[in-house]
Amino acid sequence: MVINLFDDKSWFSLRPLTFTRPVADLRVGILTIAEKWGKHLNASCGYQTQEYLSEKYPLLAASVFVNGAICPDDELLESVVKLKDGQVLHAADIVIAYKTSVQISYQEALNKLERVAYLSSFVKIDYPEHIFGFNDVEIQKDFALLTKGKVSAGISGTNIVLGDRIFVEEGATAECATFNTLQGPIYLGKNSQVWEGCHIRGSFALCNDSQVKMGAKIYGKTTIGPFSRVGGEINNTVIWGYSSKGHEGYLGNSVMGQWCNIGADSNNSNLKNNYGEVKLWDYEKERFRKTGLQFCGLIMADHAKCAINTMFNTGTVAGVSANIFGAGFPRNFIPDFAWGGAHGFDIYALNKMLETAALVYERRDLILNKTEQKIIAHIFELTKEYRRF
């Protein structure tokens with residue numbers, strides 16, 4: 001089976017996280033949204049996304065189109081599979097999926113195809129805070145999907161395991177750590193490592209080839225993406241691939257993109273002193289948007305980095321390739337390709353950023369290819385209006 005995952009208007013409301021990817025490439029739970037659909041349907045996935053992303057995320061020849069912001073569940077999957085040619089599955093004005101031999105947009109599908117109403121609830125990722133907000137639910141679902149019919153590898157007797165909802169993939173290792181699965185499952189991906197003295201509470205996912213460093217304290221509803229390394233104190237946070245928070249410091253109710261780095265002893269606030277509602281920067285409205293949340297920390301887009309002892313206020317958004325350093329609290333919205341901190345910002349020159357990114361990729365035995373460079377350059381131009389220093 002082949003499907004295409006389309007971006008709806010949530011691509012705009014999920015910025016800056018979606019500047020560098022289609023919505024379906026967001027990781028929530030253990031898997032990306034595309035990986036969830038692919039595994040459930042045993043399908044190859046293409047993307048109907050922004051033109052500048054299409055070289056990296058190509059559209060495939062397919063008749064089934066699925067909303068890339070929606071996470072699958074058993075009931076939803078059944079409804080999608082039952083779709084006939086010329087039908088669109090929807091919930092009010094939300095297009096969930098459609099099937100057609102003629103390539104059309106999701107807006108056209110709702111107007112031109114036979115409507116099939118979906119009346120049950122489902123998980124849809126519309127805003128950055130939804131990623132950590134729905135992470136517990138999605139870890140539980142992905143855990144069931146990935147472990148069904150499989151037997152866990154063993155774990156060293158030096159560890160303490162409370163409960164039995166732990167699954168260890170081949171090559172994963174842990175020594176002298178505490179795993180509490182009484183509040184949620186714990187998943188240790190292939191070739192992952194949990195070093196001595198760590199305390200981990202489920203729900204928790206450590207994806208392949210990642211490490212939790214000595215003495216880390218990790219609370220539930222947390223995902224560490226592939227090829228990442230973390231330490232310190234982390235709570236209800238989603239960290240994507242090739243990123244590091246390797247030292248002491250607190251990160252909570254947050255999302256950290258790919259190729260990011262948080263310096264030693266850096267902290268974020270996830271609760272305002274007056275216990276009030278947290279607001280986040282909205283790129284489209286160019287103002288701060290109410291989240292309805294009391295707990296909301298840091299949203300950090302791809303390639304963003306901060307120096308040692310950085311302090312982030314409650315509800316801070318750091319854009320693509322923002323580079324933050326210096327004493328004091330920087331502003332709550334740090335534009336893409338900003339260079340500085342509380343003392344002020346300059347523009348992080350594109351050529352300098354690409355030089356650094358190439359070195360970062362090289363450390364992981366990867367190459368910053370022309371496709372990636374073109375995407376980054378396009379984002380640099382796309383976000384110029386926000387850099388009003």
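Before reading further, recall that the structure is shown in the block above.
Summarised in this report is the structure supplied together with it. The model shown is predicted, which means the values in this text are computed figures rather than measured ones.

**What to know about the packing of aromatic side chains**
Under the defined criterion, the tally for this structure stands at 21 aromatic pairs. Seen from their ring centres, Phe-65 and Tyr-98 are 5.0 Å apart, and the 5 degrees between their planes marks the pair as stacked. Of this pair, Phe-65 sits in strand E3 (residues 64-67) while Tyr-98 sits in strand E6 (residues 94-99), and the two are 33 residues apart along the sequence. Just as Phe-65 is buried, Tyr-98 falls in that class too. In this structure an aromatic cluster arises from ring pairing among Trp-11, Phe-12, Phe-19, Trp-281, Tyr-283, Phe-288, Phe-333 and Tyr-386. The ring of Phe-380 has Arg-387 lying over it, and the distance from NZ or CZ to the ring centre is 4.4 Å.

**Here's the deal with the nonpolar core**
By size, the foremost hydrophobic cluster in this structure holds 63 residues, and its most contacted members are Trp-37, Ile-125 and Ile-131. If sequence neighbours within four positions are ignored, Ile-131 has contacts with Leu-17, Leu-26, Arg-27, Val-28, Ile-125, Val-238, Trp-240 and Val-255. Judged by nonpolar contacts, the second largest core, of 35 residues, contains Ala-216, Cys-306, Ile-324 and Ala-338.

**Quick notes on the environment of Pro-185**
In this structure, Pro-185 sits in the loop between strand E12 (178-180) and strand E13 (186-188). Between the C-alpha atom of Pro-185 and that of Phe-167, which follows or precedes it by 18 residues, the distance is 8.0 Å. When sequence neighbours within four positions are dropped, the list of residues in contact with Pro-185 reads Ile-139, Gln-140, Phe-143, Arg-165, Gly-202, Ser-203 and Phe-204.

**Here we look at helix H7 (residues 350-363)**
Over its 14 residues, H7 runs 20 Å from end to end, which matches the ideal 20 Å to within 8%, given 1.5 Å per residue. Looking only at H7, the buried set comprises Met-353, Leu-354, Ala-357 and Tyr-361. Viewed along the axis of H7, the buried residues span an arc of 95 degrees, placing them on a single side of the element. In this structure, H7 carries Leu-359, Glu-362 and Arg-363 as exposed residues pointing more than 90 degrees from its buried face.

**Overview of the packing of helix H2 (residues 33-41) against helix H6 (residues 135-147)**
For the pair H2 and H6, interaxial distance at closest approach is 11 Å and the crossing angle is 35 degrees. Crossing of H2 over H6 shows left-handed handedness. Residues Lys-36, Lys-39 and His-40 of H2 lie in contact with H6, whose contacting residues are Glu-138, Asp-142, Leu-145 and Leu-146. Counted by class, the contact of H2 with H6 contains two nonpolar, one polar and four charged residues.

**Re the sheet that holds strand E1 (residues 2-6)**
As summarised here, the arrangement of the six strands in space is E2-E1-E3-E6-E5-E7, forming an open sheet in which the pairing is mixed. Each edge of the open sheet is held by one strand with a lone partner, namely strand E2 (44-48) and strand E7 (114-117). Taken over all neighbouring pairs, the strand axes of this sheet differ in orientation by 30 degrees on average, direction set aside. Sitting on the sheet, H2 touches E1, E2 and E3, and the angle it makes with E1 is about 155 degrees. On the sheet, helix H3 (residues 74-81) packs against E3, strand E5 (87-91) and E6 and is oriented at approximately 155 degrees with respect to E5.

**Points about H6**
The periodicity of an α-helix, 3.6 residues per turn, causes residues three or four positions apart to be oriented the same way. Its 13 residues place the ends of H6 18 Å apart at the C-alpha level, agreeing with the 18 Å of an ideal helix rising 1.5 Å per residue. Within H6, the full set of buried residues consists of Asn-135, Glu-138, Ile-139, Asp-142, Phe-143, Leu-146 and Thr-147. For H6, the angular spread of the buried residues around the axis is 140 degrees, confining them to a single face. Positive backbone phi, at 75 degrees, marks Gly-149, one or two positions downstream of H6.

**Some details on the pattern of salt bridges**
Summed over the entire model, instances satisfying the criterion amount to 17 salt bridges. The residue Lys-56 makes a salt bridge to Glu-372 at a minimum N-O spacing of 2.7 Å. Taken together, the residues Lys-56 in the loop between E2 and E3 and Glu-372 in helix H8 (residues 370-382) connect sequence positions 316 residues apart. Residue class for Lys-56 comes out partly exposed when judged on its relative accessible area of 32%. Under the relative-accessibility criterion, Glu-372 is labelled buried at 14%. Residues Arg-388 and Glu-286 are paired through a salt bridge, measuring 3.2 Å at the closest nitrogen-oxygen approach.

**Details of the packing of H7 against H8**
It is at 11 Å that the axes of H7 and H8 come closest, and there the two elements cross at 145 degrees. In this structure, H7 crosses over H8, and the sense of that crossing is right-handed. Residue-level contacts link Leu-350, Met-353, Leu-354 and Tyr-361 of H7 to Glu-372, Gln-373, Ile-376, Ala-377 and Phe-380 of H8. Among the residues forming the contact of H7 with H8, the class breakdown is seven nonpolar, one polar and one charged.

About the thresholds
- Residues numbered from 1 in each chain as written.
- Predicted model: local features only at pLDDT ≥ 70, side-chain atom pairs only at ≥ 80, totals over all residues.
- Heavy atoms only, no water.
- Phe/Tyr/Trp six-rings, centres within 6.5 Å; stacked < 30°, edge-to-face > 60°.
- Helix = DSSP H or I, 4+ residues; strand = E, 2+ residues; numbered from the N terminus.
- Buried < 20%, exposed > 50% of the residue type's maximum accessible area, 1.4 Å probe, protein only.
- Lys NZ or Arg CZ within 6 Å of the ring centre and 35° of its normal.
- Core = buried A, V, L, I, M, F, W, Y, C linked by side-chain atoms within 4.5 Å.
- Contact = heavy atoms within 4.5 Å.
- Expected span 1.5 Å × (residues − 1).
- Arc of directions from axis to C-beta.
- Axes fitted to C-alpha atoms, helices over the stretch in contact; angles between N-to-C directions.
- Left-handed = near helix turned anticlockwise from the far one by under 90°.
- Nonpolar A, V, L, I, M, F, W, Y, C, P; charged D, E, K, R; others polar.
- Pairing = 2+ DSSP bridges.
- Salt bridge = Lys/Arg side-chain N within 4 Å of Asp/Glu carboxyl O.

By themselves, these figures tell us nothing about what the structure is for.
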